[in-house]
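# Chain and residue survey
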Amino acid sequence: MAALTTACTESALTATESAFTGTWDLVEVNGAPLPFVISSNSLDGSRRLLIAGQIVPHTRGRVYDVRQTAWQRVNGQRFDFATDTTTSPYSATPSELLVRRYALLTSSDWVDSGTVNGSQLLLRSRYIDQQFGPFWNVRLTYTRRP
């Protein structure tokens, strides 16, 4: 009975307030501003570019990770625009962010980690795009929209 009384009188855990709120716009990849070249292996010299990205936290511990890409010809003309949105679970503290990523095989799942400092989010990500390039372990810098 004492254990039951103790359990009932303990204060409930409270959620940690997080600085990870709002919409975050991607501004740099590995310290370089966008657009970022993901692939330049096209026969005609075209390059696949990462041209924009956003991270938006949503309800129930989910985050939307939006990446916009395009192909660019040698003459600078962009074509074949695409937007890819990934929904992943996340957890956050006042200064840290953890985003769970899923692979085809669960044994290959991973976690991207980041730090929030005011209006800047630095996310250390395992991949930029699994289909293109060898861009592993990248640093993605985001700024919070006002």
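Everything below is about the structure shown above.
First, a word on what this report is: a plain description of the structure on this page. A quick note: this is a predicted structure, and the numbers were derived from the prediction, not measured.

Attention now moves to the packing of aromatic side chains. Within the structure shown, the criterion is met by two aromatic pairs. Measuring from centroid to centroid gives 6.1 Å for Phe-20 and Trp-24, while their planes differ by 20°, and the two rings are stacked. Accessibility classification places Phe-20 together with Trp-24 in one group, the buried group. Ring geometry for Phe-20 versus Tyr-90: centroids 5.2 Å apart, planes at 80°, classification edge-to-face. Of the two residues, Phe-20 is situated in the loop between α1 (2–9) and β1 (24–29) and Tyr-90 in strand β6 (residues 78–92); the sequence distance between them amounts to 70 residues. By relative accessible area, Phe-20 is classed as buried at 2%. Three or more aromatic residues link up through ring pairs in this structure, and these residues are Phe-20, Trp-24 and Tyr-90. Positioned over the ring face of Phe-79 is Arg-73, at 4.0 Å from the centre of the ring.

For strand β5 (residues 62–72), a buried count of eight out of eleven residues is recorded, marking the element as mostly surrounded by other parts of the structure. Of the strand pairs in this sheet, β5 and β6 are connected by ten bridges, and their pairing is antiparallel. What sits directly across from Trp-71, in β6, is Phe-79. Linking two consecutive strands that pair antiparallel, namely β5 and β6, is a turn of five residues; a positive phi of about 95° is found at Gly-76 within it.

Looking now at the pairing of β6. Relative to strand β7 (residues 96–101), β6 is paired through three bridges, and the arrangement is antiparallel. The residue of β7 that forms the bridge with Tyr-90 is Val-99.

The rules behind each value
Residues numbered from 1 in each chain as written. Predicted model: local features only at pLDDT ≥ 70, side-chain atom pairs only at ≥ 80, totals over all residues. Heavy atoms only, no water. Phe/Tyr/Trp six-rings, centres within 6.5 Å; stacked < 30°, edge-to-face > 60°. Buried < 20%, exposed > 50% of the residue type's maximum accessible area, 1.4 Å probe, protein only. Helix = DSSP H or I, 4+ residues; strand = E, 2+ residues; numbered from the N terminus. Lys NZ or Arg CZ within 6 Å of the ring centre and 35° of its normal. Pairing = 2+ DSSP bridges.

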